[in-house]
Amino acid sequence: METLVVTETLEGVKKLTLAKEAAVIQKKNRIQVSNSKKPLFFYLNLAKRYIKQYDDVELSALGMAIPSVVTIAEILKKNGVATEKKILTSTVAMKWETNGKTIQKAKIEIVLGKPENTSNQAEAAAAATPAEERVDKNE
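Our subject in this report is the structure included herewith. Here the structure is a predicted model, which is why all the values come from computation and not from measurement.

Description of the overall build of the protein
Here is step 1: For the protein, the helix and strand inventory stands at four helices and six strands.
Here is step 2: Scored against the burial criterion, the 139 residues of the protein give a buried share of 24%.
Here is step 3: Residue pairs in contact within the protein that sit at least 24 positions apart in sequence constitute 57% of those at least 6 positions apart.
Here is step 4: For the protein, the accessible surface area stands at approximately 10600 Å², while carbon and sulfur atoms represent 53% of it.

This is the structure:
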């Protein structure tokens, strides 16, 4: 279902846009990663903070910043800070300012959430280890 967003300009003219196209509305837990504005670890620490605060985070990037988003997601998953909920890929039409040509850019959105129970995961891993190996380790 598409919803309409009404915005008012300085001249008092109302402008109607579809919510899908209204990029002005930004989620509180979305991080738009750039590979040229901030270092990778800035986004990594910000994502950790967002996961603690909002229980999930949406990482998004265009073009050459996609590997940075994937790296951040993999680091968070490997360290047990987050689990992967959803991955979306698409292309976005962008217009060059200089010549007005339209080009397609790749876009990725990765949604990460808090792990369900880290203590239960450790118990499950211990249960998966054969009993003989656990006895040998204890001796």
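Observations regarding the sheet that holds strand β5 (residues 83-95)
Here is step 1: Sheet architecture is open: four strands sit in the order β3-β4-β6-β5, paired in mixed fashion. Since the sheet does not close on itself, it has two edges, and those belong to β3 (30-32) and β5, each with one partner. With strand direction ignored, the average angle separating the axes of adjacent strands in the sheet is 20 degrees.
Here is step 2: Where strand β4 (residues 56-62) meets strand β6 (residues 102-113), seven bridges bridge the pair, whose relative direction is antiparallel. Looking across to β6, one finds that Ser-60 is bridged to Glu-109.
Here is step 3: Packed on one face of the sheet, helix α1 (residues 40-54) meets β3, β4 and β6 and runs near 145 degrees to β4.
Here is step 4: Strands β4, β5 and β6 of the sheet are contacted by helix α2 (residues 66-78), whose axis makes an angle of about 10 degrees with β6.

Concerning α2
Here is step 1: Helix length check: α2, at 13 residues, gives a terminal C-alpha distance of 18 Å against a target of 18 Å (1.5 Å per residue), a fit within 8%.
Here is step 2: Among the residues of α2, Ile-66, Ser-68, Val-69, Ile-72, Ala-73 and Leu-76 are the ones counted as buried. Along the axis of α2, the buried positions cluster into a sector of 165 degrees, meaning they face one direction only. Exposed residues pointing more than 90 degrees away from the buried face of α2 are listed as Pro-67 and Lys-78.
Here is step 3: Just past α2, the residue Gly-80 takes up positive phi, approximately 80 degrees.

Observations concerning the pairing of β6
Here is step 1: The pairing of β5 with β6 spans 12 bridges and is antiparallel. Bridged to Ala-93 within β6 is Gln-104.

Here is what the cut-offs are and how they apply
Residue numbers here run from 1 along each chain, matching the order of that chain's written sequence. In keeping with the predicted nature of the model, local features appear solely for residues at pLDDT of at least 70, side-chain atom pairs appear and are counted solely at 80 or more, and the whole-chain, interface and lining totals rest on all residues. In computing side-chain properties, one takes all heavy atoms of the structure into account and sets aside hydrogens as well as water. Each helix is a run of H or I in the DSSP string that is no shorter than four residues. Each strand is a run of E no shorter than two, and both are numbered from the N terminus. Relative accessibility decides the category of a residue: with a 1.4 Å probe and only protein chains considered, values under 20% of the type maximum give buried, values over 50% give exposed, and everything between is partly exposed. Residue contacts are defined here by distance: any two heavy atoms, one from each residue, within 4.5 Å place the two residues in contact. With residues, only the protein chains shown are counted as cover, and all accessible areas are computed by Shrake-Rupley using a 1.4 Å probe. Two strands are said to pair when DSSP picks up at least two bridges between them. Note on geometry: axes are C-alpha line fits, over the in-contact stretch for helices, and angles between N-to-C directions span 0 to 180 degrees. Here the expected length of a helix is defined as 1.5 Å per residue gap, with one fewer gap than residues. In this context, the arc is that of the directions from the helix axis out to the C-beta atoms.

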